[in-house]
Amino acid sequence: MTVTGWIANNWIEIFGAVTGIIYVFLEIRQISWLWPVGIVTSAVYIVVFFTSKFYADMSLQGYYLVISVLGWYWWVKGTGRRVKSGELGAGGGDIKLKVTRLGFKTGVVLAVIFIIIYFIIWLVLSKMTDSPVPAGDAFITSLSIIATWMLARKKYEHWFLWIVVNSVSSALFIIKDLYPTVVLYLIYLVMSFAGLREWRKSLNK
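Residues numbered from 1 in each chain as written. Predicted model: local features only at pLDDT ≥ 70, side-chain atom pairs only at ≥ 80, totals over all residues. Heavy atoms only, no water.

A. Layout of a nonpolar patch on the surface. Where nonpolar side chains cluster on the molecular surface, the patch consists of Phe104, Val108, Val112, Ile116, Ile120, Val124 and Met128 and spans about 720 Å² of accessible area. Relative to the helices and strands, Ile116 resides in helix 5 (residues 104-128). (Patch = residues over 30% accessible without salt bridge, like charges linked within 9 Å, V, L, I, M, F, W, Y side chains within 5 Å. Areas by Shrake-Rupley, 256 points an atom, 1.4 Å probe, with all protein chains shown as cover. Salt bridge = Lys/Arg side-chain N within 4 Å of Asp/Glu carboxyl O. Helix = DSSP H or I, 4+ residues; strand = E, 2+ residues; numbered from the N terminus.)

B. Region of interest: the environment of His158. On the secondary structure map, His158 appears in helix 7 (residues 158-175). Taking the C-alpha atoms as reference points, His158 and Thr148, 10 residues apart in sequence, are found 7.6 Å from one another. Residues within four places of His158 in sequence aside, it is in contact with Glu27, Ala147, Met150, Leu151 and Trp199. A polar contact is formed between the side chain of His158 and the backbone oxygen of Lys155, at a distance of 2.9 Å. (Contact = heavy atoms within 4.5 Å. Polar contact = N/O pair within 3.5 Å; in protein donor to acceptor, adjacent residues only side chain to side chain.)

C. Representation of the packing of helix 4 (residues 55-77) against helix 6 (residues 134-152) within the structure. Their axes nearest at 9 Å, the elements helix 4 and helix 6 cross at an angle of 5 degrees. One element, helix 4, and the other, helix 6, form an angle in the roughly parallel class. Along its contact with helix 4, which presents Tyr55, Ala56, Asp57, Leu60, Tyr63, Tyr64, Ile67, Gly71, Trp74 and Trp75, the element helix 6 presents Asp137, Ile140, Thr141, Ser144, Ile145, Thr148, Trp149, Leu151 and Ala152. Looking at the contact of helix 4 with helix 6, its residues break down into 13 nonpolar, four polar and two charged. (Axes fitted to C-alpha atoms, helices over the stretch in contact; angles between N-to-C directions. Parallel < 35°, antiparallel > 145°, perpendicular 65-115°, else oblique. Nonpolar A, V, L, I, M, F, W, Y, C, P; charged D, E, K, R; others polar.)

D. Main features of the side chain of Lys155. Within the secondary structure layout, Lys155 lies in the loop between helix 6 and helix 7. Look at Lys155: it is buried, it has no salt bridge, and the nearest opposite charge is Glu157 at 7.2 Å. Those residues within four positions of Lys155 in sequence are excluded, and the remaining contacts are Thr100, Arg101, Leu102, Met150 and Trp199. (Buried < 20%, exposed > 50% of the residue type's maximum accessible area, 1.4 Å probe, protein only. Lys, Arg positive; Asp, Glu negative; His and termini not counted.)

E. Spatial organisation of helix 6. Under the 1.5 Å per step criterion, the end-to-end length of helix 6 is 27 Å for 19 residues, consistent within 8% with the ideal 27 Å. For helix 6, a buried count of 16 out of 19 residues is recorded, marking the element as mostly surrounded by other parts of the structure. Looking one or two places after helix 6, you find Lys154, whose phi comes out positive at around 55 degrees. (Expected span 1.5 Å × (residues − 1).)

F. Seen up close, the packing of aromatic side chains. Applying the stated criterion to the full structure yields 11 aromatic pairs. Summarising the aromatic geometry, the rings of Phe114 and Phe139 are spaced 6.0 Å apart at their centres and angled 85 degrees between planes, so their arrangement reads as edge-to-face. Of the two residues, Phe114 is situated in helix 5 and Phe139 in helix 6; the sequence distance between them amounts to 25 residues. In this structure Phe114 comes out as buried when scored by relative accessible area, which is 19%. Residue Phe139 is classed as partly exposed on the basis of its relative accessible area of 26%. Judged by centre distance (5.0 Å) and plane angle (65 degrees), the ring pair of Phe173 and Tyr185 falls under edge-to-face. In this pair, Phe173 is assigned in helix 7 and Tyr185 in helix 8 (residues 179-204), connecting sequence segments 12 residues apart. (Phe/Tyr/Trp six-rings, centres within 6.5 Å; stacked < 30°, edge-to-face > 60°.)

These values are about where atoms sit, not about what they do.
This is the structure we're talking about:
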């Protein structure tokens, strides 16, 4: 198959990979436009994962669509609190959502939610679908759900979860011959380390 033919057969996946890279770049820079870009990327990958029988990942994209709307609102709206002019040495206006650490109690709750979601997804994939990798698919899906919520709330530690997700995802997608997506997730992996470094600067401020 020629390069042109291969691109013609995989243009949807390639388009999704490009928008995905733009999404992570905007995420690193904490630019709220990452959310509409994420909506486009999720819509594309619903098609890609359905045709590849990654059903949990396909469902995850639906969750991404919903959380992208919420994340966009939270990032633009801020904390929901307002500062009066002169208060804390600041001008009036909404308090912006800042990068913060994940609290212990919240971390425990998220860990429990992760375990519950994992077993539910694994059970469904094992019993009700022809997924070739139910355990792996359930793992990256459930962990991604937690990581995306943490991103929407600007929790610094979400980058550690993406490092795990991107590493495991790259291996799984090789099995399914989704090579543009493999390249995408390897790029995600590198960019996750970059995001970890950049968000640490905001955290230190």
